[in-house]
Every structure is written in structure tokens, then in C-alpha cells.
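Chains, contacts and geometry: an overview
Here is how the chains run, residue by residue.
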Amino acid sequence: MPDNTHIKYTLNEDEMPRTWYNIVADLPRPPDPVLHPGTHQPIGPADLAPLFPMAIIQQEVSTEPYIEIPEPVRQVYRQWRPSPLFRARRLEQALDTPARIYYKYEGVSPAGSHKPNTAVAQAFYNKQEGIQKISTETGAGQWGSSLAMAGAFFGIEVEIFMVKVSYNQKPYRRYLMEAFGGMVHASPTNLTEAGRSILAQDPDSSGSLGIAISEAVEVAAKSGGKVKYALGSVLNHVLLHQTIIGQEALLQFAQADDYPDVVIGCTGGGSNFAGLAFPFIGEARRKGLSTRFLAAEPMACPSLTRGIYAYDFGDTVGMTPLTRMHTLGHDFMPAGIHAGGLRYHGMAPLISLLYDEKVIEANAYHQTSVFEAAVQFTRTEGIIPAPESSHAIRAAINEALEAKAAGQERVILFNLSGHGHFDMAAYNSYFSGNLEDYEYPAKAVAEAQKHMPQIV
Ligand SMILES: *Cc1c(COP(=O)(O)O)cnc(C)c1O
């Protein structure tokens, strides 16, 4: 019998999981090799060494099911972890649904999202290998602020290439990065060859995540080993670090004496969805459960539902290794939707594989319907959600309404990946009726997909 009184399920610090969960040990088939961007031959750990510390590279290729979380990382996690699991009772009442809706809330971290879970781990491993500076990119600033915070904790300088349109439109996250001690540039810049080549073609370029990645990677690659690069999503080790979320949720569901029928997360590069879902996927595969897993993405950048499953670059300029993933094409420029963290052309290779194997489902949503769900959530649960996370709320509400129509007691779990306190201008656009829905950009995607590398 599910617990019928509690609003939140909390664990104490000593109950926090001691290991991360590596889904590579439980995949239906082995992951595809990562290829060199020039030779198209499989790469090994040595090829990644200019960019990442060796401990991270080992995690990137590990097939061990559990990897120990170092004590200094656990020590930082304790400030906000374990994060609460909430039962959305007032939202359930408002929807008049027989479904039980739960959400894991990652907005309790100091930076306001799930991203510090990996930022702290990455800063720790860099520090351990004597690195003094990390370069990275950020879209709306969630990742940049998380890494700047982690850099401050471990005494590492952080240089951040921020997509220019966000740099200008969202100054508060920039100020937050600076408050944590980060150095922030509006990308494309004149500081890198990648940036200069984009500016030569288009001096007014408003930038993109793919361009900012090219710049940050170049800074590390040309530093002679002094600067390393960090990515906030997509890669195996990032998804690994996020699995603390789902492992805590498994313990919290045991407290609630309940279990989800469907697990939902929004997907930009896939890390918060993976963090919540992978431990449940592992359990479902080992125990033969029929739990469903649903990725929620924006209609303006629908890499899972409309992308093709092929080898592509992770950045715009074509400097990164090639990975097999669902992609809209590495030079596809998504429309300026407010969910900046979901504007990425590709998807994590591990999630792409699971989608291809039909272990997970995906749906794409228009931003006005996403904000409508966000406001309903705010008015019932009291938390202003990030526009990214609100895609998961839209999906969860749809599931609850379907359950109502079918007269079913569906148990729904979604990841509330962050709060939206720095996104109030987006809410203002919604309230003043200025939010635009962008149809699926079929022509732009077809054009971008023509430029993808041909791998035989
Ligand atoms: C960055 C971000 C996302 C998207 O990234 P994923 O790697 O797909 O999780 C989602 N929600 C929030 C709050 C973010 O900051």
C-alpha cells in the first residue's frame, strides 16, 4: 500500500549512495566505438588525454556496473544531497486524476539544477591530476555556473564560452558565474580560430552551443596539457555522475512503498533524464519489470523523435571525436526557444542506443504548452520550474490525464531538473502572449544533415 500522508521523502546524509551506476554493464548491446574526426578510426584513451584527466577517461570507457564516489565529492554533495522526492498531491487534485505523481527535485543545489552532480566530480578529478584551469561552454548558463562553483570549491580557474544570445539576454546567470569566480566570454569570440572562422562568415553570429564547444575544446587542445576541457552533458561519464539521482529515488520509493510505472525527464544532451532513469532501467532489465521511460524534448530541436541515428560531431566546427547518436546535424541552428539547455543538435550516445533498442520512448512538445504546464505546476506545487524541466512536467501532466481518461492508477515519476528563478523573462513573455511556437524545422534539418560526415 502506498503511503498516503507524506508530501516529501527524504534520506539522511549517511543514506546517500556510495557509488555511481554505470548502465554500460546492463545494455542490450555494446556501445558503438567513438571515431577519430580525421581518420574515422576508433579512438582510445590516449586520444582523449589532451582534453580530459585520465580518471574521467577511464570512466568514459568503463564497463564496471558500480563506480565509487570519492569521499571529497560526497563531502560536497552533502550540502544539498540527498535531494527530496516530492509527491505532487495538490497537482494531482487539480488534475482530478487517479494517477500518483512524484518528482525528484534537483533545484535544491546551490546552482539551482542537477548539473553540480557532475561539475563537482569533474573539478575533483582535474584537481587530483594537477590541472589548474578548465575551459567549457555554456548555453543559458546553468552548466557554466555549476562548473564555476565547483572550480571555486577545488581551487581551479574556470573559463567559460557563453552563447552570445544568452550572454546578452540572460545577464544574471553570467553575473552568477562571475560571483563564483568564473571568467565568461560571449561566443563566438576572437580568442580562438573556431570563433574567428564563424565571425568571418557571419560577423553578427548570435552563437550556438556547438560553436561554444568548438571554442572551449580548442583552448584545451592548444594549451599543451595545462588546460583541460569539461562537458556538462552527453558523454558517458557525465551521465554516470548523474545516476546518484535515480539511486536516491529508488530508496525514496521504497520509503513511500510505491514504484513508478513511467519515469520521465527532459532531454537536451540527456544527462538529467539518464541520471533519474538509468538506475530504474537497470532494475527493470534485471527484474523483468515493464516500467516505461519517456524522454521529453522541444519541437524546435527534436533530436530523438526526428533526428537520424548516425555518426556526427559533438560541436559545430567539427573538432570533436565522432559518436553514433540521434542528431539533427552538427551545424543545425535551433530556434531561440526559452529552454536554452535543450537547444543541442545531438543526444547522448547511451540514450540514443536505448531509444534505438526501444527501451525508452520520446515525445516532442511546443513551448507554449510547456509553459502552460509550468504555470499549472507553479500554482499547485509552489516551485517555479526551469523551462527545460517544464518539458518533463508537460509530459507528466499528459500521462496523468491519460490515466484519468482510462480510469487507471498510474504512478508517474519525473525529474524536476532545476528551478526557473533566472528565467522569469521567459515567463513574462508567456504571460504577455509573446511566446512563439516553432514548427519542426524540416528544411533546416535536411540541409544540416547533408553536411554530416559519411562513415562507411
Ligand atoms: C542543462 C539543463 C537541462 C538539459 O541538459 P540535460 O543534459 O539533457 O539534462 C535540463 N534541465 C536543466 C535545469 C538544465 O540546466
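Residues numbered from 1 in each chain as written. Predicted model: local features only at pLDDT ≥ 70, side-chain atom pairs only at ≥ 80, totals over all residues. Heavy atoms only, no water.

A tally of regular secondary structure across the protein chain gives 19 helices and 15 strands. A compact globule built from 456 residues would reach a C-alpha radius of gyration of about 23 Å, and the protein chain, at 20 Å, matches this within 12%. Taken along its principal axes, the extent of the C-alpha atoms in the protein chain is 60 × 50 × 45 Å. Considering the protein chain as a whole, with its 456 residues, one finds that 63% of them fall into the buried category. Looking at the protein chain alone, contacts between residues at least 24 apart form 77% of all its contacts between residues at least 6 apart. (Helix = DSSP H or I, 4+ residues; strand = E, 2+ residues; numbered from the N terminus. Rg over C-alpha atoms; globule rule 2.2 N^0.38 Å. Buried < 20%, exposed > 50% of the residue type's maximum accessible area, 1.4 Å probe, protein only. Contact = heavy atoms within 4.5 Å.)

Turning next to helix H16 (residues 367-381). Given 3.6 residues per turn, any residue in an α-helix points the same way as the ones three and four places further on. Taking 1.5 Å as the rise per residue, H16 with 15 residues should run 21 Å; its terminal C-alpha atoms sit 20 Å apart, in good agreement. At the exit of H16 stands Gly382, carrying a positive phi of roughly 85°. (Expected span 1.5 Å × (residues − 1).)

The next point concerns the environment of Ile43. Within the secondary structure, Ile43 sits in the loop between strand E2 (19-21) and helix H1 (45-48). Sequence separation of Ile43 and Tyr430 is 387 residues, and the distance between their C-alpha atoms is 46 Å.

With that settled, the discussion passes to the pattern of salt bridges. Counted by the stated rule, this structure contains 25 salt bridges. Among the ionic pairs, Asp356 bridges to Arg29, the shortest N-O distance being 3.1 Å. Here Asp356, found in helix H15 (residues 349-356), pairs with Arg29, found in the loop between E2 and H1; they are 327 residues apart in sequence, far enough to count as distant. Looking at Asp356, the relative accessible area reads 32%, which means it is partly exposed. The salt bridge involving Glu92 is made with Arg87; its shortest N-O contact spans 2.6 Å. The pair formed by Glu92 and Arg87 is uniform in burial state, with each residue classed as buried. By sharing partners, the salt bridges in this structure join Arg29, Asp32, Arg324, Asp356 and Glu357 into a single network. (Salt bridge = Lys/Arg side-chain N within 4 Å of Asp/Glu carboxyl O.)

Another aspect to go through is the pairing of strand E15 (residues 411-416). With 6 of its 6 residues buried, E15 lies for the most part within the structure. Here E15 shows no split at all, with Val411, Leu413 and Asn415 on one side and Ile412, Phe414 and Leu416 on the other all buried. Of the pairings in the sheet, the one linking strand E10 (residues 262-266) to E15 comprises 3 bridges and is parallel in character. Residue Val263 lies in a different strand from E15, and its bridge partner there is Leu413. (Pairing = 2+ DSSP bridges.)

Before going further, it helps to examine the site of the ligand. Within the structure, the ligand sits among 19 residues, and Lys115, Ser233, Gly268, Ser271 and Asn272 are positioned closest to it. A distance of 2.6 Å separates an oxygen atom of the ligand from a polar atom in the side chain of Lys115. Ser271 places a polar side-chain atom, nitrogen or oxygen, 2.7 Å from an oxygen atom of the ligand. Relative to its free-state accessible area of 380 Å², the ligand is covered by the protein chains to the extent of 97%. More than half of the atoms belonging to the ligand lie within 2 Å of the grid points that define the largest cavity. Here the residues of the shell around the ligand sort into 3 nonpolar, 14 polar and 2 charged. (Near = heavy atom within 4 Å. Polar contact = N/O pair within 3.5 Å; in protein donor to acceptor, adjacent residues only side chain to side chain. Areas by Shrake-Rupley, 256 points an atom, 1.4 Å probe, with all protein chains shown as cover. 1 Å grid on protein atoms, 1.4 Å probe; cavity = no way out; pocket = protein on both sides within 12 Å on 5 of 7 lines; lining within 4 Å. Sits in = over half its atoms within 2 Å of the grid points. Nonpolar A, V, L, I, M, F, W, Y, C, P; charged D, E, K, R; others polar.)

Overall, mixed pairing links the 7 strands, which are arranged E1-E4-E5-E15-E10-E11-E14 in an open sheet. Of all the strands in the sheet, just strand E1 (8-9) and strand E14 (361-365) have a single pairing partner and so form its edges. Lying over the sheet, H16 contacts strand E4 (85-87), strand E5 (100-105), E14 and E15, oriented at roughly 95° with respect to E14. (Axes fitted to C-alpha atoms, helices over the stretch in contact; angles between N-to-C directions.)

Enumeration over the complete set of coordinates arrives at 18 aromatic pairs. Look at Tyr172 and Tyr175: their rings are 5.8 Å apart centre to centre, the planes differ by 85°, and that puts the pair in the edge-to-face class. Highlighted residues: Tyr172 and Tyr175, both in helix H8 (residues 171-179), separated by 3 residues, approximately one helical turn. Since its relative accessible area comes to 58%, Tyr172 is described here as exposed. Judged by its relative accessible area of 41%, Tyr175 is partly exposed. Between the aromatic rings of Phe377 and Phe414, the centroid separation amounts to 6.0 Å while the plane-to-plane angle is 75°, which identifies the pairing as edge-to-face. Taken as a pair, Phe377 in helix H16 and Phe414 in strand E15 lie far apart in primary sequence, 37 residues in all. The ring of Tyr167 has Arg174 sitting right over it, with the charged end atom 3.9 Å from the ring centre. (Phe/Tyr/Trp six-rings, centres within 6.5 Å; stacked < 30°, edge-to-face > 60°. Lys NZ or Arg CZ within 6 Å of the ring centre and 35° of its normal.)

Tracing the chain through its elements places Asn22 in the loop between E2 and H1. Judged by its relative accessible area of 6%, Asn22 is buried. In this structure Asn22 touches Ser62, Thr63, Glu64, Pro65 and Leu240, once residues within four positions along its chain are discounted.

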